[in-house]
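Structural overview for review
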Amino acid sequence: MQIDIITVLPKILEGPLNQSIVKRAQDSNLVDIHIHDLRDFSQDKHKSVDDYQYGGGAGMVLMVEPIARCIESLSSKKRYDEIIYMSPDGIQLNQGICNKLSLDKNLLILCGHYKGVDERVRENFITMEISIGDYVLSGGELAAAVLADSIIRLIPGVLSDETSALTDSFQDGLLAPPVYTRPSDFKGMKVPPVLLSGNAAEIEKWRHKMAIERTKEKRSDLLD
Ligand code: ADE
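Residues numbered from 1 in each chain as written. Predicted model: local features only at pLDDT ≥ 70, side-chain atom pairs only at ≥ 80, totals over all residues. Heavy atoms only, no water.

1. Focus: the overall build of the chain
On a plain count of helices and strands, the chain comes out with eight helices and nine strands. The globule rule puts the C-alpha radius of gyration for 224 residues at 17 Å, and the 22 Å found for the chain is more than 25% above it. In terms of overall dimensions, the chain has C-alpha extents of about 70 × 40 × 30 Å along its principal axes. Pairs at least 24 apart in sequence give 74% of the contacts found in the chain among residues at least 6 apart. On the chain, roughly 13,200 Å² of surface is accessible, and the fraction owed to carbon and sulfur atoms is 52%. A gap of 6 Å separates the mean positions of the 26 positive and 33 negative side-chain charges of the chain. (Helix = DSSP H or I, 4+ residues; strand = E, 2+ residues; numbered from the N terminus. Rg over C-alpha atoms; globule rule 2.2 N^0.38 Å. Contact = heavy atoms within 4.5 Å. Areas by Shrake-Rupley, 256 points an atom, 1.4 Å probe, with all protein chains shown as cover. Lys, Arg positive; Asp, Glu negative; His and termini not counted. Charge placed at Lys NZ, Arg CZ, Asp CG, Glu CD.)

2. So, helix α2 (residues 20-27)
Among all positions in α2, only V22, A25 and Q26 are buried. Buried residues in α2, looked at end-on, bunch into an arc of 100°, giving them a common side. Pointing more than 90 degrees away from the buried face of α2 are the exposed residues R24 and D27. Buried residues belonging to α2 abut β2 (32-37) and α6 (141-152). Of the residues flanking the end of α2, it is N29, one or two places downstream, whose phi is positive at about 60°. (Buried < 20%, exposed > 50% of the residue type's maximum accessible area, 1.4 Å probe, protein only. Arc of directions from axis to C-beta.)

3. Quick look at the nonpolar core
Core analysis: the largest hydrophobic core is formed by 31 residues, its most contacted members being I5, I84, M86, L101, I130, L147 and I152. Broken down by secondary-structure element, the contributors of at least two residues to this core are β1 (2-7), α2, β5 (82-92), α4 (95-101), β6 (106-111), β7 (128-131) and α6. At seven residues, α6 tops the list of elements feeding residues into this core. Those residues in contact with L147, other than ones at most four positions away along the chain, are I84, M86, L93, L101, I109 and I130. One finds L38, L74, I83 and V121 within the second-largest nonpolar core, a separate group that totals 20 residues. (Core = buried A, V, L, I, M, F, W, Y, C linked by side-chain atoms within 4.5 Å.)

4. Points about the pattern of salt bridges
For the structure shown, the criterion picks out twelve salt bridges. R153 is the salt-bridge partner of D168, the closest N and O atoms lying 2.3 Å from each other. Pair noted here: D168 is in the loop between α7 (163-166) and β8 (185-186) and R153 is in the loop between α6 and α7, with a separation of 15 residues, a long-range link. Among the residues examined, D168 registers a relative accessible area of 18% and is labelled buried. Classification of R153 as partly exposed rests on a relative accessible area of 22%. (Salt bridge = Lys/Arg side-chain N within 4 Å of Asp/Glu carboxyl O.)

5. A few points about the site of the ligand
Contacts to the ligand come from 13 residues, most closely from S87, I132, G133, Y135 and L137. The contact in question runs from a nitrogen atom of the ligand to an N or O atom on the backbone of Y135, over 2.8 Å. Burial of the ligand by the protein chains amounts to 96% of its free accessible area of 260 Å². Looking at the shell around the ligand, the elements that each hand over two or more residues are β5 and β7. (Near = heavy atom within 4 Å. Polar contact = N/O pair within 3.5 Å; in protein donor to acceptor, adjacent residues only side chain to side chain.)

6. Quick look at the side chain of S131
Relative to the helices and strands, S131 is located in strand β7. Overall, S131 belongs to the buried group, its relative accessible area being 2%. Only 3.0 Å separates the side chain of S131 from the backbone nitrogen of G133, close enough to count as a polar contact. If near-sequence neighbours (up to four positions away) are discounted, S131 is found in contact with S87, P88, G90, I91, Q92 and L93.

Encoded structure:
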């Protein structure tokens, strides 16, 4: 998979996308991430990419021209399955969307900033708008990093034990059951004996029961 990300603040993305699982996925060529600085597509001597909004009002708007130039240049080299704009107005990210996007080959993600992007960008170039929750971030970069991470970990071969993504919370519509590691007895607080029993069928049954209980308790909306 190739993920291209367009941003005015490339540095914000460098940290989250160059650590741990996402870094290993890139090192093993399972994903190729390219970060494009929108300012490189400005034709103005100050490299400006934003301007005041027509009609007045506080906040700058990312201009259509540099974004159009950038998207057209990238799209001339490959066909994108989706051109995604990160925005609090978008459809809320969930595991189903991550699963679907993880099957794509080429994704282009545009990070908004300031007051957002000129509406003509959304109308003419964007195929999908994604929000990571009902709150407003200073820009789309952290949201893009969340989206990229949640997709990349689902690409086959990225996680060392492929089944571990399948047992994540939400994959079967339930939260994940509790997990324990050594010691089996911490100051009298014991690990549930079934987990030490070696009986795989009983362990599976217990985990499923706990996943249902946990979902009922914390996220009963998922059971509706
Ligand atoms: N940009 C600003 N806030 C955002 C959010 N909640 N989700 C996605 N992109 C955003």
